[in-house]
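# Structural overview for review
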Amino acid sequence: TATVTNSQLSGGIAGAQATAGSQLTIQGSQLTGPRPTGVGLRLLGGNATIIDSTVTGQASGIRLLLEGGVNREPELTLDHARVIGLNGPAISVGANTDATVQVSNGSTLTGSNGVAISVAGASTLPGVVDDSVLTGGVTIADQAARDLQFSNPQGDGHFEIGGTVDASFEGFAL
């Protein structure tokens, strides 16, 4: 378990990383992955709560992956946080990964490639997007599944669906 408050973290591959069984809390801080393949936060089966912080990655803002040999799902909670993918999606879920995401309280997801959330093949991503802004669309690959609830979000992207999606929309403004 680790808590980072009012700090700036920058790393080549990732500004921060949480592996299976770990809990990372970031508050009032900035995470940066400045290398071309860098991410602001990489979750390898770990749990992270990001509050009043900015997460920026060159490739994607946050990457959720299954840690090899460990069957733990990464869990991400964003509370009034900004996530930016400078050359890719804000949030990227890797192949064969089951993850959970909750985006709330005025959080913003910005993907420079036009994708706020990307889910790779053979993955699942149940989650909630509540009172937040998506700058970019949602892309779900073939053989991926997603169960998302959208409540009062704003967005300017599209939905590209190749897998299975069960989504509900309440007060969605495009």
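Preceding this section is the structure that the text describes.
Below, the structure is looked at part by part.

Each value, and the rule that gives it
Residues numbered from 1 in each chain as written. Predicted model: local features only at pLDDT ≥ 70, side-chain atom pairs only at ≥ 80, totals over all residues. Heavy atoms only, no water. Helix = DSSP H or I, 4+ residues; strand = E, 2+ residues; numbered from the N terminus. Buried < 20%, exposed > 50% of the residue type's maximum accessible area, 1.4 Å probe, protein only. Areas by Shrake-Rupley, 256 points an atom, 1.4 Å probe, with all protein chains shown as cover. Core = buried A, V, L, I, M, F, W, Y, C linked by side-chain atoms within 4.5 Å. Pairing = 2+ DSSP bridges.

## Description of the overall build of the protein
From N to C terminus, the protein includes zero helices and 20 strands. Relative to its full complement of 174 residues, the protein shows a buried share of 44%. Total accessible area computed for the protein in this model is approximately 7,600 Å², and 44% of it derives from carbon and sulfur atoms.

## Notes on unusual backbone geometry
Positive phi outside glycine occurs at Asn6, with the angle close to 50°. As for its placement among the helices and strands, Asn6 is situated in the loop between β1 (2–5) and β2 (8–10). Notably, Asp131 is not glycine yet its phi reads approximately 50°, a positive angle. The partly exposed category is assigned to Asp131, whose relative accessible area is 44%.

## Quick look at the nonpolar core
Counting 33 residues, the largest nonpolar core has Leu41, Leu76, Leu78, Ile91 and Leu109 as its most contacted members. Tallying contributions element by element places strand β14 (residues 108–119) first for this core, with four residues.

## Observations concerning the pairing of strand β5 (residues 30–33)
Only one face of β5 is covered, namely the one carrying Leu31 and Gly33; the face carrying Gln30 and Thr32 has none of its residues buried. Summarising the sheet, β2 and β5 pair through three bridges and their orientation is parallel. Directly across from Leu9, in β5, lies its bridge partner Leu31. In this structure, β5 lies alongside strand β8 (residues 54–57), joined through four bridges in parallel fashion. In the strand pairing of β8, Leu31 is matched with Val55.

## Quick word on the environment of Ala122
Tracing the backbone shows Ala122 in the loop between β14 and β15 (124–130). Owing to a relative accessible area of 35%, Ala122 belongs among the partly exposed residues under this scheme. Put simply, Ala122 and Ala95 are 27 residues apart on the chain and 5.9 Å apart in space, counted from C-alpha to C-alpha.

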